[in-house]
Amino acid sequence: MLRPDETFPRTVLTTERLLLRPFTAADAPDVHEAWQDAAFVGSAPVGYPYAAADLPTAVAWCTGGIEQRRSDGKGIGFALAPRGGGRLVGHVALFGADWEARTVEIHYWTSPWARGRRYAAEGAAVVARWALTEVGLERVHLQADTANGASRKTALAAGFQFEGVLRNLTPTRSGVRADMAVYSLIPADL
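Remember, predicted model here, so these are calculated numbers, not experimental data.

Asker: Mind laying out the pairing of strand β6 (residues 139–145), listing which residues take part and the relevant values?
Answerer: Across three bridges, strand β5 (residues 103–110) lies against β6 in parallel orientation. Note on β6: the bridge partner recorded for Val104 is Val140. Note that β6 and strand β8 (residues 177–185) share six bridges and pair antiparallel. Across the sheet, residue Gln143 finds its bridge partner in β8, namely Val182.

Asker: Explain the sheet that holds strand β2 (residues 18–21) residue by residue, including any values.
Answerer: Read from one edge to the other, the open sheet built from eight strands follows the order β1-β2-β3-β4-β5-β6-β8-β7, with strand pairing classed as mixed. Of all the strands in the sheet, just β1 (13–14) and β7 (161–171) have a single pairing partner and so form its edges. Inspection of the sheet shows strand β4 (residues 90–98) paired to β5 by seven bridges, in the antiparallel sense. Within the sheet, the bridge partner assigned to Phe95 lies in β5 and is Glu105. This element, helix α4 (residues 119–133), spans β1, β2, β3 (76–82), β4, β5, β6 and β8 of the sheet and lies at about 30 degrees to β4.

Asker: If you had to explain the side chain of His91 to someone new, which residues and values would you point to?
Answerer: For His91, the location among the structural elements is in strand β4. Of the residues examined, His91 reaches a relative accessible area of 2% and is grouped as buried. Among the polar contacts made by the side chain of His91, one reaches the main-chain carbonyl oxygen of Phe78 at a distance of 3.3 Å. Not counting chain neighbours up to four residues away, the residues in contact with His91 comprise Phe23, Trp61, Ile66, Gly77, Phe78, Leu80, His107, Tyr108 and Trp109.

Asker: Explain helix α5 (residues 149–157) residue by residue, including any values.
Answerer: Those residues of α5 that fall on the buried side of the exposure criterion are Ser151, Thr154 and Ala155. Buried positions in α5, seen along its axis, are confined to an arc of 100 degrees and lie on one side of it. For α5, exposure combined with an orientation more than 90 degrees from the buried face picks out Ala150 and Lys153. Next to the buried residues of α5 lie β5, α4, β6 and β8. Positive backbone phi, at 100 degrees, marks Gly159, one or two positions downstream of α5.

Asker: Can you break down the side chain of Thr15 residue by residue, with the values?
Answerer: As for its placement among the helices and strands, Thr15 is situated in the loop between β1 and β2. Residues contacting Thr15, with those up to four places away along its chain left out, are Leu20, Arg83, Glu122 and Val126.

Asker: Tell me about unusual backbone geometry, and please be specific about residues and values.
Answerer: Among all residues except glycine, the phi angle is most often negative; among peptide bonds, the trans geometry is most common. Residue Ala52 is not a glycine yet carries a positive backbone phi of 65 degrees. By the element assignment, Ala52 lies in the loop between α2 (38–43) and α3 (55–71). Assessed through its relative accessible area of 45%, Ala52 is described here as partly exposed. In this structure, Arg102 takes a positive phi of about 65 degrees despite not being glycine.

Asker: I'd like a description of the nonpolar core, backed by residues and values.
Answerer: General note: in soluble globular proteins, nonpolar side chains tend to be found buried as a group. Counting residues in hydrophobic clusters, the biggest one holds 35 residues, and the most contacted among them are Phe8, Leu94, Ile106, Trp130, Val140 and Phe160. Of all the secondary-structure elements, those providing two or more residues to this core are β2, β3, β4, β5, α4, β6 and β8. Each residue touching Phe160, except ones within four places of it in the same chain, is listed here: Ile106, Ala124, Ala128, Val140, Leu142, Ala155, Tyr183, Ser184 and Leu185. Counting residues in hydrophobic clusters, the runner-up holds 16 residues, among them Ala44, Trp61, Leu88 and Trp109.

Asker: So what about a nonpolar patch on the surface? Which residues, and what values?
Answerer: A contiguous nonpolar surface patch, about 270 Å² in accessible area, is contributed by Leu156, Phe162 and Val165. On the basis of relative accessible area, Leu156 is assigned to the partly exposed category, the value being 48%.

Asker: An account of the packing of helix α1 (residues 28–36) against α3 is needed here, citing residue identities and associated values.
Answerer: Axis separation between α1 and α3 bottoms out at 8 Å; the angle between their running directions is 125 degrees. For the element pair α1 / α3, the angle class is oblique. Here α1 and α3 pass one another in a crossing that is right-handed. The segment α1 lies against α3, with Ala28, Pro29, Val31, His32 and Trp35 engaging Leu55, Thr57, Ala58, Val59, Trp61 and Cys62. Here the contact of α1 with α3 is built from residues that sort into nine nonpolar, two polar and no charged.

Reading guide: rules and limits
Residues numbered from 1 in each chain as written. Predicted model: local features only at pLDDT ≥ 70, side-chain atom pairs only at ≥ 80, totals over all residues. Heavy atoms only, no water. Pairing = 2+ DSSP bridges. Helix = DSSP H or I, 4+ residues; strand = E, 2+ residues; numbered from the N terminus. Contact = heavy atoms within 4.5 Å. Axes fitted to C-alpha atoms, helices over the stretch in contact; angles between N-to-C directions. Buried < 20%, exposed > 50% of the residue type's maximum accessible area, 1.4 Å probe, protein only. Polar contact = N/O pair within 3.5 Å; in protein donor to acceptor, adjacent residues only side chain to side chain. Arc of directions from axis to C-beta. Core = buried A, V, L, I, M, F, W, Y, C linked by side-chain atoms within 4.5 Å. Patch = residues over 30% accessible without salt bridge, like charges linked within 9 Å, V, L, I, M, F, W, Y side chains within 5 Å. Areas by Shrake-Rupley, 256 points an atom, 1.4 Å probe, with all protein chains shown as cover. Salt bridge = Lys/Arg side-chain N within 4 Å of Asp/Glu carboxyl O. Parallel < 35°, antiparallel > 145°, perpendicular 65-115°, else oblique. Left-handed = near helix turned anticlockwise from the far one by under 90°. Nonpolar A, V, L, I, M, F, W, Y, C, P; charged D, E, K, R; others polar.

Written out as structure tokens, the structure is:
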């Protein structure tokens, strides 16, 4: 059984432009559309179950799957919505929580209709800082394919520090192995 300090608390975060909140059934059509996007599918890791997933999978994920991850102590996901209302602009998630080591990995994506506005960087920055200051984690990290310039720029814009490259680490959908750039944020960086 998980201790209370081994799960992320339910919360809503805000930035000047964004409301970061739990997903709802109303988000499923936008999530489904984002999961169909060629750029999303192309950058998704091999075996990632949501790349090009169908609408019923998006509904299940929005209405229970992402919350199950939180209640199991594995992570938390936030829907990125404009504070003034409108379509879902993206997603930021913490996953792979190691409560003993006090570390977690971060993941983000931007809806195709919202790209180029730095929403992922804004969301990732506030979620990472929340994890380090409010949740008490000691490290938030991510890996980005070295060929994914947008994800790498997002990591830097969110305040993450580049650590290096893990060579030939991950199989890709194109059949070659990708080098992965590693970034992290720790309390001393804040």
